[in-house]
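Chain by chain, the residues:
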Amino acid sequence: MLLPMPPRPSPALPAAVLAPGMRVAVTGGAGFLGSHVVEELLRRGHRVHAVDDLSAGSVQNLAAVATHPRLRVTVASVAEAATAQVVCAAADAVLHFAGVVGVRRLADDPLGVMQANQRSAECGVAAAAAARIGVLFSSSSEVYGRGRVPFAEDEPVRPGVPEGPRGSYACAKAYAEWLAFGHAARAGTPVVVARLFNTVGPRQTGAHGMVLPRFVQQARAGLPLTVYGDGRQTRCFAHVGDVARALLDLAAAPAAVGRIVNVGSDDEIAVRALAELVRARAGSRSPIETMPLAAVFPPGFEDVPRRVPALARLRATIGWAPARPMTAIVDELLAVPHRDATAPAAMTASG
Ligand code: UDP
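The rules behind these values
- Residues numbered from 1 in each chain as written.
- Predicted model: local features only at pLDDT ≥ 70, side-chain atom pairs only at ≥ 80, totals over all residues.
- Heavy atoms only, no water.
- Salt bridge = Lys/Arg side-chain N within 4 Å of Asp/Glu carboxyl O.
- Helix = DSSP H or I, 4+ residues; strand = E, 2+ residues; numbered from the N terminus.
- Buried < 20%, exposed > 50% of the residue type's maximum accessible area, 1.4 Å probe, protein only.
- Phe/Tyr/Trp six-rings, centres within 6.5 Å; stacked < 30°, edge-to-face > 60°.
- Lys NZ or Arg CZ within 6 Å of the ring centre and 35° of its normal.
- Patch = residues over 30% accessible without salt bridge, like charges linked within 9 Å, V, L, I, M, F, W, Y side chains within 5 Å.
- Areas by Shrake-Rupley, 256 points an atom, 1.4 Å probe, with all protein chains shown as cover.
- Axes fitted to C-alpha atoms, helices over the stretch in contact; angles between N-to-C directions.
- Parallel < 35°, antiparallel > 145°, perpendicular 65-115°, else oblique.
- Left-handed = near helix turned anticlockwise from the far one by under 90°.
- Contact = heavy atoms within 4.5 Å.
- Nonpolar A, V, L, I, M, F, W, Y, C, P; charged D, E, K, R; others polar.
- Near = heavy atom within 4 Å.
- Polar contact = N/O pair within 3.5 Å; in protein donor to acceptor, adjacent residues only side chain to side chain.
- Pairing = 2+ DSSP bridges.
- Right-handed = clockwise from strand over helix to strand, strands pointing away.

## Examining the pattern of salt bridges
Enumeration over the complete set of coordinates arrives at 20 salt bridges. Residue Glu-142 is joined to Arg-307 by a salt bridge in which the shortest nitrogen-to-oxygen separation is 2.7 Å. You can see Glu-142 sitting in the loop between strand 5 (134-140) and helix 5 (167-187) and its partner Arg-307 sitting in the loop between helix 9 (293-296) and helix 10 (312-318), a full 165 residues away along the chain. Here Arg-306 ties to Glu-268 by a salt bridge, and the two come within 2.7 Å at their closest N and O atoms. Of this pair, Arg-306 sits in the loop between helix 9 and helix 10 while Glu-268 sits in strand 12 (residues 268-270), and the two are 38 residues apart along the sequence. Looking at Arg-306, the relative accessible area reads 41%, which means it is partly exposed.

What follows is the structure in structure tokens.
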């Protein structure tokens, strides 16, 4: 009689993506979020390799840590398989932020945005698996599309209707989530997928959408604050410093391995109320100007009416509580010396 084969023991997964003293590669390490993650990793004692092709990031973002003895910066694209392989072969973990974001970019070039995110993810997660190291993959709340709030991780993704451009970014991110899980399962390596909600803070540019830096810049310059649509759409904004800490806590948490976890704030604010808050905190006399969506975005480009994360999983995993209220975030941004590449005049137009 043929006896059933005993199940093959699966190789034990490392307890978490990140452990103390690791060599950590950060793809997109010169970007807005990536650079804050690099700083936080250095604070926590890791050796850090920031890799960025500067298509969306800037070396300026790493200015505060440029001479740090445990930081190495390479200008290269992890959308090139060979680059991703070399980077991962010399690391103990990879935190993947390489990609292109911004609603303005998405509206202008949906195909390019989709392909950039898809390619960097394909190469990044495959190289991590080949090197047998763990990955934290940064995904996006865009994968929830126009679903029911609060957005919970166990709900199906909704990139939208492919005839419209907005879903292309969400589609690339959702695809990359499956890739990350698939490669990790095959290689027996740990993976965490973080779905990021609206993240704000110093070094964020308003050049590609990103409502808060735009409002801050407009209020400072005495220009109209441009509210798209009726301004009743809502978002929840978390400070990038809080988000960077949450991401590293997740990467170090055994309970996060193999999971998708929302990361952000659930403090909801309407865009019109945000404009009023910025104007008041700035002591600005800028008018608030509503602009129909059709005047700003191409036909078929939809806004997300409400975006609120379910945070139960994040709280259960790392005990998360975003530290900074909206007023404090706005005050901090108003106090930061301004160095956005976008000329104030350009901010009155659609982007
Ligand atoms: N928005 C706005 N004025 C601007 C830029 C954005 O009213 O100058 C709105 C945008 O339509 C959206 C919200 O602010 O409803 C957040 O936009 P952002 O591009 O920051 O991120 P999203 O959450 O849409 O990815």
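## As for the packing of aromatic side chains
For the structure shown, the criterion picks out five aromatic pairs. On the numbers, 6.4 Å between centres and 35 degrees between planes, the contact of Phe-151 with Phe-197 is tilted. Linking Phe-151 in the loop between strand 5 and helix 5 with Phe-197 in the loop between strand 6 (191-196) and strand 7 (199-200), this pair joins segments that are 46 residues apart in sequence. The residues Phe-151 and Phe-197 share a single accessibility class, namely buried. Put simply, the rings of Tyr-144, Phe-151 and Phe-197 pair up and form one aromatic cluster. The aromatic ring of Tyr-144 is capped on one face by Arg-195, whose charged end is 4.9 Å from the ring centroid.

## Considering a nonpolar patch on the surface
On the surface, a cluster of nonpolar side chains totalling about 240 Å² of accessible area is made up of Leu-54, Val-59 and Val-75. Turning to its location among the elements, Leu-54 is positioned in the loop between strand 2 (47-52) and strand 3 (71-75).

## Regarding the packing of helix 1 (residues 32-43) against helix 7 (residues 240-251)
Look at helix 1 against helix 7: their axes get within 9 Å of each other, and the N-to-C directions meet at 60 degrees. With respect to each other, helix 1 and helix 7 are oriented oblique. Of the two elements, helix 1 crosses helix 7, and the hand of that crossing is right-handed. In this structure, helix 1 contributes Phe-32, Leu-33, His-36, Val-37, Glu-40 and Leu-41 to the contact, and helix 7 contributes Val-240, Val-243, Ala-244, Arg-245, Leu-247 and Leu-248. Taken together, the residues of the contact of helix 1 with helix 7 break down into nine nonpolar, one polar and two charged.

## Describing the site of the ligand
As a matter of local geometry, the ligand sits amid 17 residues, with Val-211, Thr-226, Arg-235, Asp-303 and Arg-307 nearest to it. Here Gln-233 contributes a side-chain N or O atom positioned 3.1 Å from an oxygen atom of the ligand. Breaking the shell around the ligand down by element, the ones donating at least two residues are helix 6 (211-221) and strand 8 (225-228). The residue inventory of the shell around the ligand, partitioned by class, reads seven nonpolar, four polar and six charged.

## Comments concerning the pairing of strand 2
Here strand 2 lies mainly inside the structure; five of its six residues are buried. Here five bridges tie strand 1 (residues 23-27) to strand 2, and the two strands are oriented parallel to one another. Across the sheet, residue Val-26 finds its bridge partner in strand 2, namely Ala-50. Tracing the backbone out of strand 1, into helix 1 and back to the parallel element strand 2 gives a crossover that is right-handed. Both strand 2 and strand 3 contribute to a ladder of five bridges, which runs parallel. Bridging from a neighbouring strand, His-49 pairs with Arg-72 of strand 3.

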